[in-house]
Amino acid sequence: MTAAEGKPTLLVVDDDDAFRSALGEALERRGFSVSLAEGPAAALALAERQVFEYALVDVRMPGGSGIDLVRSLRALDEGTRIVVLTGYGTIANAVEAMRAGAFDYLTKPVNAAACERALAGRPSAEGAPDDVPSLDRVEWEYLHRVLGDCGGNISEAARRLRMHRRSLQRKIAKMPPAR
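Structure report, in brief. (Residues numbered from 1 in each chain as written. Predicted model: local features only at pLDDT ≥ 70, side-chain atom pairs only at ≥ 80, totals over all residues. Heavy atoms only, no water.)

### Concerning the pairing of strand 3 (residues 54–58)
Of all 5 residues in strand 3, 5 are buried; the element is thus mostly enclosed. By the alternation rule, side chains of strand 3 split into Tyr-54, Leu-56 and Asp-58 and Ala-55 and Val-57, which are all buried. The pairing of strand 1 (residues 9–13) with strand 3 spans 4 bridges and is classified as parallel. Bridged to Leu-10 within strand 3 is Tyr-54. Here 5 bridges tie strand 3 to strand 6 (residues 81–86), and the two strands are oriented parallel to one another. Directly across from Asp-58, in strand 6, lies its bridge partner Leu-85. (Buried < 20%, exposed > 50% of the residue type's maximum accessible area, 1.4 Å probe, protein only. Helix = DSSP H or I, 4+ residues; strand = E, 2+ residues; numbered from the N terminus. Pairing = 2+ DSSP bridges.)

Here it is in structure tokens:
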């Protein structure tokens, strides 16, 4: 996709070819001049040659972290409005992305309309209250984050959390609670 005169420039960075292409095409139909990159190295190469007003960046990609890419893009141009996308949404990830310089944080699956609203700084539903996660959801995300920090080792995670291993297994085996 090429840059068009007068259209806002957007960089879409995601390692999933089908998702990246579909989202790029949908956002181009919505009036953006879209450039696509499959990873952090390609994204930085594009960002060094062109100024982007907006960027959509996936968190987990081979070849580097999307959070690190956010920092690099912000270092190149403070004015780029960056929205982070992830299929592994946790509060800790969202906080880290915002501290790195992201403007917003969306969890996949996501569509072009949601991305456009986030890039523009509009809430997901006009007049809707903030989406505050339930206490059960926060606990579930925290347990999974600690488990991930322990490399999936249930016993080590249980020790760090000061709880019985079987209790932890029961809690993480449950489906994620509704927001």
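### Regarding the packing of helix 6 (residues 135–149) against helix 8 (residues 165–173)
For the pair helix 6 and helix 8, interaxial distance at closest approach is 10 Å and the crossing angle is 115°. Helix 8 is crossed by helix 6, and the crossing has left-handed handedness. In this structure, helix 6 contributes Glu-139, Trp-140, Leu-143, His-144 and Leu-147 to the contact, and helix 8 contributes Leu-168, Lys-171 and Ile-172. When its residues are assigned to classes, the contact of helix 6 with helix 8 shows 5 nonpolar, 1 polar and 2 charged. (Axes fitted to C-alpha atoms, helices over the stretch in contact; angles between N-to-C directions. Left-handed = near helix turned anticlockwise from the far one by under 90°. Contact = heavy atoms within 4.5 Å. Nonpolar A, V, L, I, M, F, W, Y, C, P; charged D, E, K, R; others polar.)

### A short note on the packing of aromatic side chains
Taken as a whole and judged by the stated rule, the model has 1 aromatic pair. Centre to centre, the rings of Phe-32 and Tyr-54 are 5.7 Å apart; their planes meet at 85°, and the pair counts as edge-to-face. In this pair, Phe-32 is assigned in the loop between helix 1 (17–29) and strand 2 (33–37) and Tyr-54 in strand 3, connecting sequence segments 22 residues apart. The class for Phe-32 is buried, based on a relative accessible area of 6%. One cation-aromatic arrangement involves Arg-81 over Phe-103; the distance from NZ or CZ to the ring centre is 4.0 Å. (Phe/Tyr/Trp six-rings, centres within 6.5 Å; stacked < 30°, edge-to-face > 60°. Lys NZ or Arg CZ within 6 Å of the ring centre and 35° of its normal.)

### With respect to the pattern of salt bridges
This model, assessed by the stated rule, comprises 8 salt bridges. When the shortest N-O distance is used, the salt bridge between Glu-78 and Arg-74 registers 3.3 Å. According to the relative accessible area criterion, Glu-78 is exposed, its value standing at 58%. Because the salt bridges share partners, they merge into one network encompassing Glu-156, Arg-159 and Arg-160. (Salt bridge = Lys/Arg side-chain N within 4 Å of Asp/Glu carboxyl O.)

### Quick word on unusual backbone geometry
Peptide bonds are mostly trans, and most non-glycine residues show a negative phi. Located in the positive-phi region is Arg-162, a residue other than glycine, with phi close to 55°. Residue position: Arg-162 is located in the loop between helix 7 (154–161) and helix 8.

### Focus: the pairing of strand 1
With respect to burial, strand 1 is a largely interior element, 5 of its 5 residues being buried. Neither face of strand 1 is open: one carries Thr-9, Leu-11 and Val-13, the other Leu-10 and Val-12, and all of them are buried. Of the strand pairs in this sheet, strand 1 and strand 2 are connected by 5 bridges, and their pairing is parallel. Opposite Val-12, over in strand 2, you have Leu-36 as the bridge partner. Regarding topology, helix 1 serves as the crossover connection from strand 1 to the parallel strand 2, and that connection is right-handed. (Right-handed = clockwise from strand over helix to strand, strands pointing away.)

Everything listed is a geometric property; what it means functionally is a separate question.
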